[in-house]
Structure formats: C-alpha cells, structure tokens
Amino acid sequence: KRWRFGTERRWGARVVETAGLPMDPKLILNTLGALDDNILATVMGQLLQQKPELAPGLVSLAVPELTYAPTKAFTEKRCSGTLKKLNPQMGMAYIDCPELSSVFGCDVVVHATQVGAFMEGTEVNFAVTLNDENKPQAFDLQENNTPSMPSMGAMDMGAM
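Treat the numbers as computed from the prediction; the structure is a model and nothing was measured.

A. Expanded view of unusual backbone geometry. Here Lys 85, not a glycine, exhibits a phi torsion of approximately 50°, which is positive. Mapped onto the elements of the fold, Lys 85 is located in strand β3 (residues 79-87). Unusually for a residue other than glycine, Asp 140 sits at a positive phi of about 55°. Inspection of the secondary structure assignment puts Asp 140 in strand β7 (residues 136-143). Judged by relative accessible area, Asp 140 falls into the partly exposed class, the value being 25%.

B. Examining the nonpolar core more closely. Ile 95, Leu 100, Val 110, Phe 126 and Leu 141 are the most contacted members of the largest nonpolar core, which has 16 residues in total. Mapped by element, the contributors of at least two residues to this core are β3, β4 (92-96), α5 (98-104), β5 (108-111), β6 (123-130) and β7. By residue number, the principal contributor to this core is β6, which donates 3 residues. Not counting residues within four places of it along the chain, the set of residues in contact with Ile 95 comprises Gly 81, Thr 82, Leu 83, Asp 107, Val 108, Val 110, Val 124, Phe 126, Ala 138 and Leu 141.

C. Looking closely at the side chain of Asn 125. Along the chain, the position of Asn 125 falls in strand β6. With relative accessibility at 0%, the residue Asn 125 sits in the buried group. Among the polar contacts listed, one links the side chain of Asn 125 to the side chain of Arg 78, at a separation of 2.8 Å.

D. Fine view of the pattern of salt bridges. By the definition in use, this model includes 3 salt bridges. Note that Arg 78 and Asp 140 form a salt bridge whose closest N and O atoms lie 2.8 Å from each other. Note that Arg 78 is positioned in the loop between α4 (71-75) and β3 and Asp 140 in strand β7, a separation of 62 residues in sequence. Classification of Arg 78 as buried rests on a relative accessible area of 1%. Between Asp 107 and Lys 85 there is a salt bridge, with its nearest N and O atoms 3.9 Å apart. Linking Asp 107 in the loop between α5 and β5 with Lys 85 in strand β3, this pair joins segments that are 22 residues apart in sequence.

Definitions and limits used
Residues numbered from 1 in each chain as written. Predicted model: local features only at pLDDT ≥ 70, side-chain atom pairs only at ≥ 80, totals over all residues. Heavy atoms only, no water. Helix = DSSP H or I, 4+ residues; strand = E, 2+ residues; numbered from the N terminus. Buried < 20%, exposed > 50% of the residue type's maximum accessible area, 1.4 Å probe, protein only. Core = buried A, V, L, I, M, F, W, Y, C linked by side-chain atoms within 4.5 Å. Contact = heavy atoms within 4.5 Å. Polar contact = N/O pair within 3.5 Å; in protein donor to acceptor, adjacent residues only side chain to side chain. Salt bridge = Lys/Arg side-chain N within 4 Å of Asp/Glu carboxyl O.

And the structure:
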C-alpha cells in the first residue's frame, strides 16, 4: 500500500512520500542499523545539525535517567547569556541566551541557588543540561569576565 501525507509523516504507514520520493520507515531503520558505528554517528550528527529541534526528544529517549552532567559540560560546552527575571519567591531565574533560544524556543532556566549574588543584567557563562521538561537549565554560573568560551554552535555535535 502507498500512503501520501503532506507534511505529516506517520510511522505506521508502510510507505510515506516525502518530497515526491517514496520512503519506507522500516527500510530506513534497517539501513541505518546496518551502518558502521562511525558512519552512523556522522549521519546522526549531520541530521541534528540540520534539525537541532530533534535533540531534546532524542536525548529523552536515549538516556531518560541522565542524572549528572558530563565533565565536558563544565569545561568545553559552556554558553553565554544575560541574567534576567530573577524570582527568589519561585526559586528560579532566567538567562537570555540567543543560541539556546534558537534551538529550544525559550530562555534558559536557572535555580535560585545557582544565581548567588548575581544581579539582573549580569553577563554570565554557564554549563547547561536539560530538565525534566527537556528545556535547557543552567548551572555553574560564572561572570562573563573570563576569556571567551566555545559556543554551542561551534561545537562538534558528534561529541555530545
């Protein structure tokens, strides 16, 4: 059976037509599964660079009980932004980070205990992880008076 769906793709369909080409999801999965690990990692890295909005869902599926941040998050994968919307009563604040906002569509949340003595408007760099809602959450805030840190966009997605 051939199924055609406009922009909607359903995994239950035997063949999905995308950009005029018939695509069989099972065939795609079998083909990807047969690839060498290095080639598959490259393909997945390129896919995530083209569609970064897929990353939170994939992380949630791959490592649902991720309980600690890798060391590289503290040293190599830091982001920068401006501290805003401090709300001690709610125990949180937000960081305006254009890089992460473009991927996740929201500001970065940070727990009030991480904010310390920083004030609204302070430029900070921080490590980031995903919270239970697959939204970016900052930790290990530092004032942005240190040498520039590598940006998320400049990082190799395959290393994440």
